[in-house]
There are 2 protein chains.
Amino acid sequence: MVAAPDPVRNSQELDEEDNTLRPSFLRKVTEALDAEDQETVYNLVEPLHPADIADLIELIGHEYRAPLARAITDLLGSDVLAELNDWVRDDLVDELEPDEVADLAEQMETDDAVALIEDLDEEDQAAVLAEMEPEDRAAIESALSYPEESAGRLMSRDVIAVPEHLTVGALIDYLRSDDELATEFWEVFVVDVKHRPVGTCQLSWILRTPREVALADVMKRDQTLIPVTMDQEEVALRFQKYALISAAVVDGSGRLVGQITVDDVVHIIQEEASEDILRLSGAGDGDINEPIALTVRTRLSWLVVNLGTAIIAASVVGLFQGAIARFALLAVLMPIVSGMGGNAGTQTLAVVVRAIATNQLTSSNTVRMILRELRIALANGLSLGVLIGVGTTLIFGNPHLGAVIAAAMVINNLVAGLAGILVPVTLDRLRVDPAVSSAVFVTMATDVMGFFSFLGLAVITGLAA
Amino acid sequence: MVAAPDPVRNSQELDEEDNTLRPSFLRKVTEALDAEDQETVYNLVEPLHPADIADLIELIGHEYRAPLARAITDLLGSDVLAELNDWVRDDLVDELEPDEVADLAEQMETDDAVALIEDLDEEDQAAVLAEMEPEDRAAIESALSYPEESAGRLMSRDVIAVPEHLTVGALIDYLRSDDELATEFWEVFVVDVKHRPVGTCQLSWILRTPREVALADVMKRDQTLIPVTMDQEEVALRFQKYALISAAVVDGSGRLVGQITVDDVVHIIQEEASEDILRLSGAGDGDINEPIALTVRTRLSWLVVNLGTAIIAASVVGLFQGAIARFALLAVLMPIVSGMGGNAGTQTLAVVVRAIATNQLTSSNTVRMILRELRIALANGLSLGVLIGVGTTLIFGNPHLGAVIAAAMVINNLVAGLAGILVPVTLDRLRVDPAVSSAVFVTMATDVMGFFSFLGLAVITGLAA
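Residues numbered from 1 in each chain as written. Chains lettered and ligands numbered in written order. Predicted model: local features only at pLDDT ≥ 70, side-chain atom pairs only at ≥ 80, totals over all residues. Heavy atoms only, no water.

Undergrad: Before we go on, may I ask you to explain the overall build of chain A in this structure?
TA: On a plain count of helices and strands, chain A comes out with 22 helices and 6 strands. At 30 Å, chain A has a C-alpha radius of gyration far larger than the 23 Å of a compact globule built from 465 residues. Principal-axis analysis of the C-alpha atoms places the extent of chain A at approximately 95 × 65 × 50 Å. Across the 465 residues that make up chain A, the buried fraction comes to 57%. Pairs at least 24 residues apart make up 66% of the contacts formed inside chain A by residues separated by at least 6 positions. In the structure as shown, chain A presents an accessible area of about 19,100 Å², 54% of it carried by carbon and sulfur atoms. (Helix = DSSP H or I, 4+ residues; strand = E, 2+ residues; numbered from the N terminus. Rg over C-alpha atoms; globule rule 2.2 N^0.38 Å. Buried < 20%, exposed > 50% of the residue type's maximum accessible area, 1.4 Å probe, protein only. Contact = heavy atoms within 4.5 Å. Areas by Shrake-Rupley, 256 points an atom, 1.4 Å probe, with all protein chains shown as cover.)

Undergrad: Teacher, can you tell me more about helix H1 (residues 23-34) of chain A here?
TA: Structural remark: α-helix, 3.6 residues per turn; residues separated by three or four positions point the same way. All names here are of chain A. The first and last C-alpha atoms of H1 sit 16 Å apart over 12 residues, in line with the 16 Å expected at 1.5 Å per residue. Packed against the buried residues of H1 are helix H2 (38-45), helix H3 (50-59) and helix H4 (62-71). Taken from the residues just after H1, Glu-36 is the one with a positive phi, measuring 55°. (Expected span 1.5 Å × (residues − 1).)

Undergrad: Whenever I open this one, unusual backbone geometry confuses me. Can you help?
TA: Most peptide bonds take the trans configuration, and most residues that are not glycine carry a negative phi. All names here are of chain B. In this model, Glu-149 sits at a positive phi of 60°, which is unusual for a non-glycine residue. For Glu-149, the position within the fold is in the loop between helix H10 (134-144) and helix H11 (151-154). Exposure remark for Glu-149: the relative accessible area of 40% places this residue in the partly exposed category. With a phi angle near 65°, His-195 is a residue other than glycine that sits in the positive phi range. With respect to the secondary-structure elements, His-195 resides in the loop between strand E2 (187-191) and strand E3 (197-202).

Undergrad: Hey, could you run me through the pattern of salt bridges in this one?
TA: For side chains bearing opposite charge, pairing can occur when the charged atoms are close. Within the structure shown, the criterion is met by 28 salt bridges over all chains. The salt bridge involving Arg-65 of chain A is made with Asp-91 of chain A; its shortest N-O contact spans 3.9 Å. Taken as a pair, Arg-65 of chain A in helix H4 and Asp-91 of chain A in helix H6 (residues 86-94) lie far apart in primary sequence, 26 residues in all. Of the charged contacts in the structure, one is a salt bridge between Arg-153 of chain A and Glu-118 of chain A, with a shortest N-O distance of 2.5 Å. Pair noted here: Arg-153 of chain A is in helix H11 (residues 151-154) and Glu-118 of chain A is in helix H8 (residues 110-118), with a separation of 35 residues, a long-range link. Residues participating in the shared-partner salt-bridge network are Asp-52 and Asp-55 of chain A together with Lys-241 of chain B. (Salt bridge = Lys/Arg side-chain N within 4 Å of Asp/Glu carboxyl O.)

Undergrad: Even after reading the chapter, I still don't get the relation of the copies chain A and chain B, so can you show me in this structure?
TA: Put simply, the second copy of the chain is the first one after a rotation about an axis and a shift along it. Screw-axis analysis of chain A against chain B gives a translation of 0.0 Å along the axis, an RMSD of 0.1 Å, and a rotation angle of 180°. Taken together, the turn and the small shift mark the pair as related by a two-fold rotation axis. No C-alpha of chain A lies nearer the rotation axis than that of Ala-325 of chain A, which sits 2.2 Å from it. (Least-squares fit on C-alpha atoms with pLDDT ≥ 70 in both.)

Undergrad: In this structure, what is going on with the interface of chain A and chain B? I would like to understand it.
TA: Quite often, the size of an interface is put as the accessible area lost when its parts meet. In this assembly, 140 residues from chain A lie in contact with 140 residues from chain B. In this assembly, chain A packs against chain B so that about 12,100 Å² is buried in total across both faces, 61% of it on carbon and sulfur atoms. The largest share of the area that chain A buries against chain B comes from Leu-207, Arg-208 and Ile-288 of chain A, three residues that together contribute 7% of it. Inspection of the chain A/chain B interface yields 6 salt bridges. (Buried area = accessible area lost by both parts, 1.4 Å probe.)

Undergrad: Got a minute to help me understand the sheet that holds strand E2 (residues 187-191) of chain A in this structure?
TA: Backbone-to-backbone hydrogen bonds join strands into a sheet, with any given pair of strands oriented parallel or antiparallel. Residue and element names in this part refer to chain A. Read across the open sheet, the 3 strands follow the order E1-E2-E3; overall the sheet is mixed. Unpaired on one side and paired on the other, strand E1 (161-163) and strand E3 (197-202) mark the two borders of the sheet. Adjacent strand axes in the sheet meet at a mean angle of 35°, parallel and antiparallel pairs treated alike. Two elements, E2 and E3, share 5 bridges in a ladder whose sense is antiparallel. Following the sheet pairing, Glu-187 is matched in E3 by Gln-202. (Pairing = 2+ DSSP bridges. Axes fitted to C-alpha atoms, helices over the stretch in contact; angles between N-to-C directions.)

Undergrad: I tried to follow the pairing of E3 of chain A on my own but got confused; where do I start?
TA: Each regular strand shows side chains that alternate between the opposite faces of the sheet. Taking burial as the measure, the 6 residues of E3 of chain A include 6 buried ones, the bulk of the element. Hairpin connection between E2 of chain A and E3 of chain A: a loop of 5 residues separates the two successive antiparallel strands, and His-195 of chain A in this loop has a positive phi of roughly 65°.

Undergrad: Could you clarify how one ought to interpret the sheet that holds strand E5 (residues 246-250) of chain B in this entry?
TA: All names here are of chain B. The strand order E4-E5-E6 describes an open sheet built from 3 strands, whose pairing is mixed. Taken across any chain shown, the strands that pair with only one partner, and hence form the sheet edges, are strand E4 (226-227) and strand E6 (256-261). The pairing of E5 with E6 spans 5 bridges and is antiparallel. Pairing of Ala-248 across the sheet is with Gln-259, part of E6. Sheet strands in contact with helix H15 (residues 232-241) are E4, E5 and E6, and its direction is about 70° off that of E6.

Undergrad: Looking at this structure, how should I read the domain arrangement of chain A?
TA: When cut into domains, chain A gives domain 1 (23-149), domain 2 (161-280) and domain 3 (292-460). Computed from C-alpha atoms alone, the centre-to-centre distance between domain 1 of chain A and domain 3 of chain A is 47 Å. (Domains from an automatic or database assignment.)

Undergrad: What is the right way to read the side chain of Arg-89 of chain A from this model?
TA: Residues and elements named next belong to chain A. Position of Arg-89 among the secondary structure elements: in helix H6. Within the structure, Arg-89 has its side chain in polar contact with the backbone oxygen of Leu-81 (distance 3.2 Å). With near-sequence residues (within four places) excluded, Arg-89 lies in contact with Leu-81, Ala-82, Leu-84, Ala-115, Leu-116 and Asp-119. (Polar contact = N/O pair within 3.5 Å; in protein donor to acceptor, adjacent residues only side chain to side chain.)

Undergrad: Explain the environment of Gly-61 of chain B to me, please; I cannot follow it from the model alone.
TA: All names here are of chain B. Within the secondary structure layout, Gly-61 lies in the loop between helix H3 (50-59) and helix H4 (62-71). On the basis of relative accessible area, Gly-61 is assigned to the buried category, the value being 10%. Separated by 31 residues in the primary sequence, Gly-61 and Thr-30 have C-alpha atoms spaced 9.0 Å apart.

Undergrad: I keep staring at the environment of Gly-450 of chain B and nothing clicks. Help me out?
TA: By the secondary structure assignment, Gly-450 of chain B is in helix H22 (residues 434-460). Sequence separation between Gly-450 of chain B and Ala-416 of chain B is 34 residues, and the spatial gap between their C-alpha atoms is 9.6 Å.

Undergrad: What am I meant to see in the UniProt feature "transmembrane region" (unreviewed entry) in chain A here?
TA: Residues and elements named next belong to chain A. Look at the UniProt record and you will see "transmembrane region" (unreviewed entry) annotated at residues 300-321, 327-353, 374-397, 403-427 and 439-464. From the first C-alpha to the last, residues 327-353 spans 40 Å; its make-up is 93% helix and 0% strand. Along residues 439-464 one finds 85% helix and 0% strand; the C-alpha atoms at either end are 33 Å apart. (UniProt positions renumbered as here; feature names shortened; annotations may be inferred.)

Undergrad: Hey, could you run me through H6 of chain A in this one?
TA: All names here are of chain A. For H6, the complete set of buried residues consists of Val-88, Arg-89, Asp-90, Leu-92 and Val-93. If you follow the buried residues of H6, they end up packed against H3, H4, helix H5 (78-83), helix H7 (98-107) and H8. Backbone nitrogen of Trp-87 and a side-chain oxygen of the N-cap are separated by 2.9 Å at the start of H6; the cap is Asn-85.

Undergrad: How do you make sense of empty space enclosed by the protein when you look at a structure like this?
TA: Gaps left between atoms are located by rolling a probe of water-molecule size over the structure's atoms. Tallying each qualifying case throughout the model produces 10 cavities of 30 Å³ or more. In this structure, the largest cavity spans a volume of roughly 1,100 Å³. In this structure, the largest cavity is lined by 50 residues; those nearest its centre are Asn-343 and Thr-346 of chain A together with Gly-342, Asn-343 and Thr-346 of chain B. At the level of elements, helix H16 (262-280), helix H17 (292-318), helix H19 (329-357) and helix H22 (434-460) of chain A together with helix H16 (262-280), helix H17 (292-318), helix H19 (329-357) and H22 of chain B are the ones that each hand at least two residues to the lining of the largest cavity. Residues of the lining of the largest cavity, tallied by class, amount to 28 nonpolar, 20 polar and 2 charged. For the second largest cavity, the calculated volume is near 90 Å³. The wall of the second largest cavity is formed by Gln-270 of chain A together with Glu-233, Ala-236, Leu-237, Gln-240, Ile-268, Ile-269, Glu-272, Ala-273, Arg-354, Ala-357 and Thr-358 of chain B. (1 Å grid on protein atoms, 1.4 Å probe; cavity = no way out; pocket = protein on both sides within 12 Å on 5 of 7 lines; lining within 4 Å. Points joined across faces, edges and corners; volume = space filled by probe spheres on them. Nonpolar A, V, L, I, M, F, W, Y, C, P; charged D, E, K, R; others polar.)

Undergrad: Would you explain the packing of aromatic side chains in this entry?
TA: The geometry of an aromatic ring pair comes down to the distance between the two centres and the angle between the two planes. All names here are of chain B. Following the criterion strictly, the structure yields 2 aromatic pairs over all chains and no others. With a centroid separation of 6.2 Å and an interplanar angle of 65°, the aromatic rings of Phe-320 and Phe-452 are classed as edge-to-face. One end of the pair, Phe-320, is in the loop between H17 and helix H18 (321-326); the other, Phe-452, is in helix H22, and 132 residues separate them in sequence. (Phe/Tyr/Trp six-rings, centres within 6.5 Å; stacked < 30°, edge-to-face > 60°.)

Laid out in structure tokens, this is it:
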């Protein structure tokens, strides 16, 4: 341990390129576990950073998790648990007694302890809380009283709040004198007599200012305050928009009740963006550590909804069975029209869902964006229509068929563009998460209209007569 | 300006719920612009935060941007430009002379100035750099010498680096004495005589420690160092994994050359996650501010690739034209099998692409994940197969047809699950971004196998004889 620190962290265990644990390292751990050699396991894991221990527990097979946990009990601190995937953590926590969970929770910051306890069922929650020190229990119970995914659950109560008249020197003396104060903070909040924030001081400004200067002269008065009930996604967007490192959380009467720091927000930004991609595709939370039965249930319920829309689309084809029997080439070409519409609709949908989620698409520019998507749809539809129309004419020597498929392609691209923006915008106005349910409606629109426009035009123009 | 600060920032102009500019405010601005009333425009915009001014410029119609910029020239500081969307910024910068751009760049932090200048064409870049102070120019030229999207482009050169033997008191005196030092920093880096980082000190620890204590006793020796050539996505993953606020950037010989702070990383995490969703759906960058011709080109090239795969799938149907002519119901039901396979494949694909991007799916657990997806695919396939098989039997009174579609559904779900994980994992091993090209292969697999299994089984079992 006297050796100079290695410039790259834990280079023997971690792959240098993507900073993940090497398969060879995992193999060593599982081999030692198979041999029930707890000492070797401990020695292998001990040099790892807590975040990497969390990764190891996630990456290792389910059957190895309990033996691994037993071999490294005293390395399983609150910092490892805080980094663990929710499902894996629940697995581990289920093995522990309430007083052990309480011990771990007391070592954690409030927000991490809340994350640990909020997932327990009510009975276990009560048992764990009963084992905790009154002060920690009060903090956690108060956090649990706020809605899930709100600022109140996310915030830490350990804030440095000082009155405005203090000088820089007096503040530093105060920080040095009181052992009970928080040690991890990035800003000092200045409050009035009613404990309402009036300004914020970045620590670097404090360190660069002479002792005799008043805080009132260093602090920034203009600050972003987070209401305690604000949804975590909105919190994340404000951190991002205003490039915040930490922000004061205030209750309904404007009093300072806690702070949120950017390291908690980074996880949320990642999660919320992943959520959109996974919901759009109907994969639920898409968590690879989720119990498999739950994954099947989530995905299957989405597939069944899609089965319904597929049947509706098929019944449109059913209307044209006679035409298809007379001219089977229609059945060969019809999936091209519906499929291309589906692709174009998905493109628009992905763009619109992200623009809504990041507050780039607001009621101020909706009309402009609808016109933009329609122009794109027209340009793409015409290009694809000409391409497939000419191709069909040449291959099958049938200009009538070429004209029909070209026209259907233009129509279905316009339907795709229109549905791709109107469906998510409408759902958002109705306060339904557009990522969850848009895809069903858009796909149904492009399937139904793809079949209907192609087969319908074929029949109307006498192609399959 | 003497009024007490409002708890919610700019509440008249901003929608309280989602913190976006109100349409009514935008209307006031455009009306004033239409009336060429620059003073009203200025007074409306002046109270806004720079990030909101940036939003205003993005939200307002293209035709209003130049007049707006003229009306608020002295509000268009470097902080507004740094927040602007790349495309919108390029639009504005095109209107400016090189010396004006140089003035703005000099006010910015190095990383923001680089972002502003790297998008200019070579000639404009040279003209702007020629107008800058030698010191700023050297910093930007050196940043531009690193690859795009690398840590070297992202980092700021303004770091506080001090020797190990310093005491807390001496450090504070040094910070107070030197006006040239950075004012915005979150950690102090401790370096050895060769300027290699040996530890890092969070400012809150410094503030809580008596003056006589040596930095060596407060600093954390274990730190995450970022190589200057590291890709920004990897940088973001490390910030997230180790909950970093700032990190030292080192060159090839381990010397400290700059620092990256979390506020720059937050943007990257958001961007990289959005990128995945947009690329999966073939929408390119999906930037709603992009010139429309570029958007059409990006999306169209993806659609043409998909047209190719749709034609391949259609040609599979073409093999069975005779059977379809004899039994047109096959054409009615076949899109159900292919479509459901497509949905299931998309689910798996979304989960796998995100798991790869967030380093949750690594070579250590690939096999386990493939088996997991196969089990899910089997469970879903059997459920959907029974559902559609029984339904078909009852509706059409044809158990043979029911058995064929049920079997095809099981087969295509397995194909979907297998393709949904094998395609992105293989592309990732080949160092191709799985988000960009996976969807084409997976959709082709589920379309082709959907048609082939359903129509093939129908013919083999003599259903359409």
